[in-house]
Amino acid sequence: MNLLDGAVRWLNDPLNWQGPKGVPHLTYEHLYITFFAVLIGAVVAMPLALVLGHTGRGGGFTVAVTNVSRAIPTLALLTIFAATAIGFGNRATIVALAVFAIPPLLTNTYVGVREVDRDVVEAARGMGLSESSILLRVEVPLAVPLIAAGVRTAAVQVVATAGLAALVGGGGLGVIINDGFGQQDRPQILAGGLLVAGLALVVEGLLALVQRRVTPGRDRGRLLRRRSGGAATDHPDRDVDHRVEDEERAVTVP
Amino acid sequence: MALSYGAPIVHASGRVIAADEPANPWFTWQYVRDNSGDLKSALITHVELTVESVLIALVIAFPLALIAYRYRRLAGPILGVTGVLYTIPSLALFAFIAPFSAFGLRKRTVIVGLVLYALLILVRNMLVGLQGVPEDVRESARGMGYGPGRMLWKVELPVALPTIMAGVRVATVSTVALVTVGVVVGEGGLGQLILRGFNNNFYRAEIVTASVLTVALGLAFDLLLSMATRLMTPWSRGRA
């Protein structure tokens, strides 16, 4: 318990809340890295996923991207980008983390568009909508809940891994943990861990609320369980959860 | 990216005004030969950490999934707690555990962190797999006089096996990648070499060799487990 007291004391020390290595600035840096990583990931992944989802091609491609990305250690990409012309620091971190934001965004957007009732799409086509209008005015709005789930998963994952930036000269709250290990300062390590974990849980909670808001009531139970590590990304071989959820839906919503 | 960095900067007059010195190639066999000992021991540590973590996680996840399956009311809390553990960043997880275990017990710190991380994936897939067993199948087994225990081992688990194994594969591959985060406590397997390369003036050959080995290890585990799944479920062969 001494250790916990130490961590609380560290967190209460006003010195740790000031300057470039103070908690507010590091938190800001952490969120800044996260925001731009997710933004770049979205800019790359979403148009691709929308087109693939609309045409119904590329299911195998999205699964492959997800599987391979899982095998790549974040640390490896962070250091590799740091050793290129990008240089080390926050910029390399943003690019490396953007790569890891792509798979959940890609998969969820793809599945979201794919899962839109084909009858609805046919009806839209019958009403004379062009293919691009079908995508933008029918499929995308209906896919919003799943896209939101993808953004949430990606953001939480990036917040969680952004801490590693400290190992390669970047900023963010990981600096506190890394410095703590460097100085063998256990209370500081623990305090840093609490801050990073807290931030991840807060981001998760906030985005869960956003996701709730954009998800129509009847889909909530089904879609909100699709959380980090959820159905859309969990199964390399087959989409087991879909089947299960569809069965559940068939029972509860006749 | 590699080209722009490796090539010398040439002035308009043709004079070389700056070059990377000494050469810092992305990969050389020379590096592999000179450091085969380090590479081998890092690889072995990496495999040990991965296998131990996944096995321990399996041992813990199995009863948890069974409890969640049998007592539906507990499924929510069990998935919730493992979900929170999954959301907590691995770095933070190591930061929680490390101060409590002495600095000498680095390996245990890493394994505890990795186990907590793999739990959600394993429990989730076991539960989904078991819940996916068709009621008809269970009904006919009951009709044939199967008790709950025999039903679990002879009917429910085999039917759920592909989903369970999918979870094991995802958990194993993720664990291989996550072991590298163990560098913060000085026990990161191949991650140790990745960071050493970084701290050694961006020693690219070291960074890339260790990174590629890590990815290859993950994919090798995945392949091995997928072959094991095929062997364990002969009835599904030719169907998928």
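Calculation criteria
- Residues numbered from 1 in each chain as written.
- Chains lettered and ligands numbered in written order.
- Predicted model: local features only at pLDDT ≥ 70, side-chain atom pairs only at ≥ 80, totals over all residues.
- Helix = DSSP H or I, 4+ residues; strand = E, 2+ residues; numbered from the N terminus.
- Buried ≥ 20, exposed ≤ 12 C-beta atoms within 10 Å, placed from the backbone.
- Contact = placed C-beta atoms within 7 Å.
- pLDDT = per-residue confidence, 0-100.
- Nonpolar A, V, L, I, M, F, W, Y, C, P; charged D, E, K, R; others polar.

## Comments concerning the overall build of chain B
- Summing up its helical and strand segments, chain B has ten helices and two strands in all.
- Starting at the N terminus and ending at the C terminus, chain B contains elements arranged as α-β-β-α-α-α-α-α-α-α-α-α.
- Here chain B, with 240 residues, has 43% of them falling under the buried criterion.
- A separation threshold of at least 6 residues defines the contact pool for chain B, and within that pool the share at least 24 residues apart is 70%.

## Notes on the confidence of the model for chain A
- Confidence in the prediction for chain A averages 79 pLDDT; 83% of positions are at 70 or higher.
- The element-level mean pLDDT for chain A is lowest in helix 12 (residues 240-252) of chain A, coming to 30, with helix 2 (residues 23-55) of chain A highest at 91.

## Points about the interface of chain B and chain A
- Each partner contributes to the interface: chain B provides 51 residues, whereas chain A provides 46 residues.
- Breaking the side of chain B that touches chain A down by element, the ones donating at least two residues are helix 1 (2-6), helix 4 (72-87), helix 5 (90-97), helix 6 (106-131), helix 8 (148-179), helix 9 (190-199) and helix 10 (204-232) of chain B.
- The element contributing the most residues to the side of chain B that touches chain A is helix 8 of chain B, with nine residues.
- Each residue belonging to the side of chain B that touches chain A can be placed in one class, and the counts come to 34 nonpolar, 14 polar and three charged.

## Observations regarding the environment of Ala98 of chain A
All names here are of chain A.
- Mapped onto the elements of the fold, Ala98 is located in helix 5 (residues 90-114).
- Ala98 sits in the buried class, given 24 other C-beta atoms within 10 Å.
- Once residues within four sequence positions are removed from consideration, Ala98 is found in contact with Ala37, Ile40 and Gly41.

## Some words on helix 9 of chain B
- Counting buried residues along helix 9 of chain B, eight of its ten residues qualify, which places the element largely inside the surrounding structure.
- Considering only its buried residues, helix 9 of chain B is in contact with helix 4 (74-82) of chain A together with helix 3 (36-70), helix 8 and helix 10 of chain B.

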